[in-house]
Amino acid sequence: MEKAIRRYWPVFVLPTLAAFSVGFIYPFVQGLYLSFCKFTTIKKATFIGFGNYAYAFQDESFWHSFWFTALFTVVSTVLINVIAFAIALALTNKIKGSNVFRTVFFMPNLIGGIVLGYIWQILLNCVLSLMEKPLLALNATYGFIGLTILMCWQQIGYMMIIYIAGLQSIPDDYIEAAKIDGATTGQILFKIKIPNVMPSITICSFLTITNGFKLFDQNLALTGGEPAHASEMLALNIYNTFYSRSGAQWKGYGQAKAVIFCIMVILISMIQLKITKSKEVQQ
Amino acid sequence: MKRKNVLALGLIAMMTAATFAGCGSSASGDSATGDSASTDGASGKVYYLNFKPEADEAWQEIAKQYTEETGVPVTVITAASGTYEETLSSEIVKDEAPTLFQVNGPVGLANWKDYCYDLKGSSLYNELTSDSFALYDGDAVAGIAYVIESYGIITNTKLLEEAGYTIDDIQGFDDLKKVAEDITARSSELGFSAFTSAGMDGSSDWRFKTHLANLPIYFEYQEKGIDSTDAIEGTYLDNYKQIWDLYINNATCKPADLAGKTGDDAENEFAERKAVFYQNGSWEYANLTGKGMTDDELAMIPIYVGAGDEKNQGLCTGTENFWCVNSEASDEDIQATIDFLTWMVTSDAGTKMLAEQIGVIPFKNAADTTNLFVLNDRAYTEAGKTPVSWNFTTMPSEEWKNGVGSALTAYAAGTGSWDDVVSAFVDGWATEYAAAN
């Protein structure tokens, strides 16, 4: 079998590699080049050097978006993972109807971000209106809370599935042995279950951190960056730089911001991977 | 052994082909393409990237008809509402780029002037009723206006009568204020409000941050005798405040709820006879009649803000939609596109479709319209009133509009002050103008 794979590797690699090159590598390299250009369309670009980066780094709105996004990512990563893990723990204990619950928790993930954004906007605005508080578009704090609620609602189910898989792969002997040795539930959780689901924690925190940083459609639909860009996250800021200004220079600025953004996401997720991976144990 | 290699290669080829199969048809959408070579030797083809989703069906129909008559393939693709710039940016660099697209006035032209074919002297340009409907880039004719639209305050005349007034009672801002406040005072007894919700959601806020904001700009331009500026002074912003206060304090909902109200909300409130006044334009006619409203209960009156000569003020009439022909297209395609457009504005079928679906068209052979609001506009002009011109095409950027919109929303909800609106309007203009030029 292994021999066959070795011989026919192009069959397995080439189609994906070709798609990856066309869909990712080529646009990425071109994007990198365009970030040094002034352009309206990608075919008519004039090279201008580092001017776009200079602008991007001193643009206050970009830094505001960065801190807003960073805060959102921290809060949502912690909340989503803690709650998803708690639910996964509950649903791996043999309780009645746990399959139904798993399906129910997973379902929000099947709805697209834009649709979710608009539905939650109506919901939250109704609640705020009843409480006589300013609506989402008027208060960045409510916008932030709204985004966090929305992301939790959407992602907890997905992460829960990964945690369930992780929890189920822990051999029963470990837990039985621990019980016989007289370990408490807390000890079993912290000394056996959590170290053994570290691979799941790595995956889930990677997904939530990158999702938090990349968040776009939910942000666009729920708050649209209102009031006055205060709830604008990085991706939306880049989009607005690109499309809501007139004049050729803005596309270059947007492109430079996008490159900085990409590097930041890669760096942060690599650091996270390194930290959580080092805590994984061999079964 | 060899057979196996051949098999492997075949598999690779197949899988690679399958991977790319999806890419070729990205310019999907209903099209009326035909094989140009096979029919009466016509060369060139037309690809129109349409801006108006509401007219998509009509464009598809007329494209098909044109292809049947002439054999020239015409593809019409419509960008989803609010995504025209994005769609155009990606479509125009394709090998099969749009031969026909549109820009909205001089600010839109700034982005696309490199792609605009000079239409001066073309058969299409010669059909225009006036030079003022062409969009100039220096001496070159970069775009041709294809529709003249009007906006104002759409009024439900029947409800107004129930409240004890007629549209003749409203000849200026003071009259409008009196009527609106009287209706508000008696709204529980009458069962309707004066204004529909002035929604500040993205689907509706353009009515105020763009169209309503046009009025203070118009009066300032009039006063100074200019038609664009790098720094607006905001001399008429008190009038802007007046009318905005009137809208938000006499509406179907609380001012604090406006941030979440949509364009559909306002339209439905009006169609369900919950309000007498609704600020919108002639393009709303089909929607309102489609929802069961009839000509005898509709009228459009000017937006009075308490400035200028109100007795002689007409509706806000103008255009921001200009056709541009892609200068990068091949000569045959450019010619085919100009021929198609000329046919659109001269043939019976073409002008009828434009007049019915798009509105008044500024061409010599234009068919007449049945749009009540357009007829209202004509009546005002015939009565000697001066239409308010569209100056919002000179607003420095989308970002400026968004700033004004945010400030208006916050002011309505009480979380911001009117000074913020003034600063977004005046300071924002200078900043954005400087950034764009």
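Residues numbered from 1 in each chain as written. Chains lettered and ligands numbered in written order. Predicted model: local features only at pLDDT ≥ 70, side-chain atom pairs only at ≥ 80, totals over all residues. Heavy atoms only, no water.

Taking an unreviewed UniProt entry as the reference, chain B is identified by name as Extracellular solute-binding protein belonging to Pseudobutyrivibrio xylanivorans.

In the nomenclature of an unreviewed UniProt entry, chain A corresponds to Sugar ABC transporter permease from the organism Pseudobutyrivibrio xylanivorans. Under Sequence similarities (unreviewed entry), UniProt gives the following word-for-word description of chain A: "Belongs to the binding-protein-dependent transport system permease family." In its Subcellular location (unreviewed entry) section, the UniProt entry covering chain A states "Cell membrane". (UniProt positions renumbered as here; feature names shortened; annotations may be inferred.)

A. The arrangement of the overall build of chain B in detail. When helices and strands are tallied, chain B shows 17 helices and 13 strands. A globule of 437 residues ought to have a C-alpha radius of gyration of about 22 Å, and chain B, at 25 Å, matches this closely. Sorting the 437 residues of chain B into buried and exposed places 55% on the buried side. Sequence-distant contacts, at least 24 apart, represent 75% of the contacts inside chain B between residues at least 6 apart. (Helix = DSSP H or I, 4+ residues; strand = E, 2+ residues; numbered from the N terminus. Rg over C-alpha atoms; globule rule 2.2 N^0.38 Å. Buried < 20%, exposed > 50% of the residue type's maximum accessible area, 1.4 Å probe, protein only. Contact = heavy atoms within 4.5 Å.)

B. Structural view of unusual backbone geometry. Residues and elements named next belong to chain A. Following Glu226, the chain continues to Pro227 via a peptide bond in cis, the omega torsion being -10°. For Pro227, the location among the structural elements is in the loop between helix 11 (217–222) and helix 12 (234–243). Notably, Glu132 is not glycine yet its phi reads approximately 60°, a positive angle. One can find Glu132 in the loop between helix 6 (113–130) and helix 7 (140–168). If you check the backbone angles, His229 has positive phi at about 70° while not being a glycine. Note on His229: relative accessible area 25%, which makes it partly exposed.

C. Looking closely at the environment of A:Ile271. One can find A:Ile271 in helix 13 (residues 249–278). Along the backbone, A:Ile271 and A:Phe12 are 259 residues apart, and their C-alpha atoms lie at a distance of 31 Å.

D. Representation of the domain arrangement of chain B in the model. Residues and elements named next belong to chain B. Domain boundaries in chain B define domain 1 (46–148 + 319–364) and domain 2 (150–317 + 376–436). The C-alpha-based centres of domain 1 and domain 2 are spaced at 30 Å. Taken together, the contacts link seven residues of domain 1 with eight residues of domain 2. Along the contact surface separating domain 1 from domain 2 lie zero salt bridges. Counting every contact that joins domain 1 to domain 2 gives zero residue pairs in polar contact (both at pLDDT 80 or more). Along the lines of polarity and charge, the residues of the side of domain 1 that touches domain 2 split into three nonpolar, three polar and one charged. (Domains from an automatic or database assignment. Salt bridge = Lys/Arg side-chain N within 4 Å of Asp/Glu carboxyl O. Polar contact = N/O pair within 3.5 Å; in protein donor to acceptor, adjacent residues only side chain to side chain. Nonpolar A, V, L, I, M, F, W, Y, C, P; charged D, E, K, R; others polar.)

E. Structural view of the interface of chain A and chain B. Each partner contributes residues to the interface: chain A has 36 residues there, and chain B has 41 residues. Of the roughly 3,100 Å² buried between chain A and chain B, counting both surfaces, carbon and sulfur atoms make up 58%. Of all residues in chain A, the largest losses of buried area upon contact with chain B belong to A:Lys44, A:Leu138 and A:Ser246, amounting jointly to 18% of the total for that side. Run the count over chain A and chain B and you get three salt bridges. Two residues, B:Glu328 and A:Lys44, come together in a salt bridge whose shortest N-O distance is 3.0 Å. The tally of links between chain A and chain B comes to 10 residue pairs in polar contact (both at pLDDT 80 or more). Looking at the side of chain A that touches chain B, the elements that each hand over two or more residues are helix 2 (9–34), helix 6, helix 12 and helix 13 of chain A. A per-element tally of the side of chain A that touches chain B places helix 2 of chain A first, with seven residues. Of the residues in the side of chain A that touches chain B, the class split is 19 nonpolar, 10 polar and seven charged. (Buried area = accessible area lost by both parts, 1.4 Å probe.)

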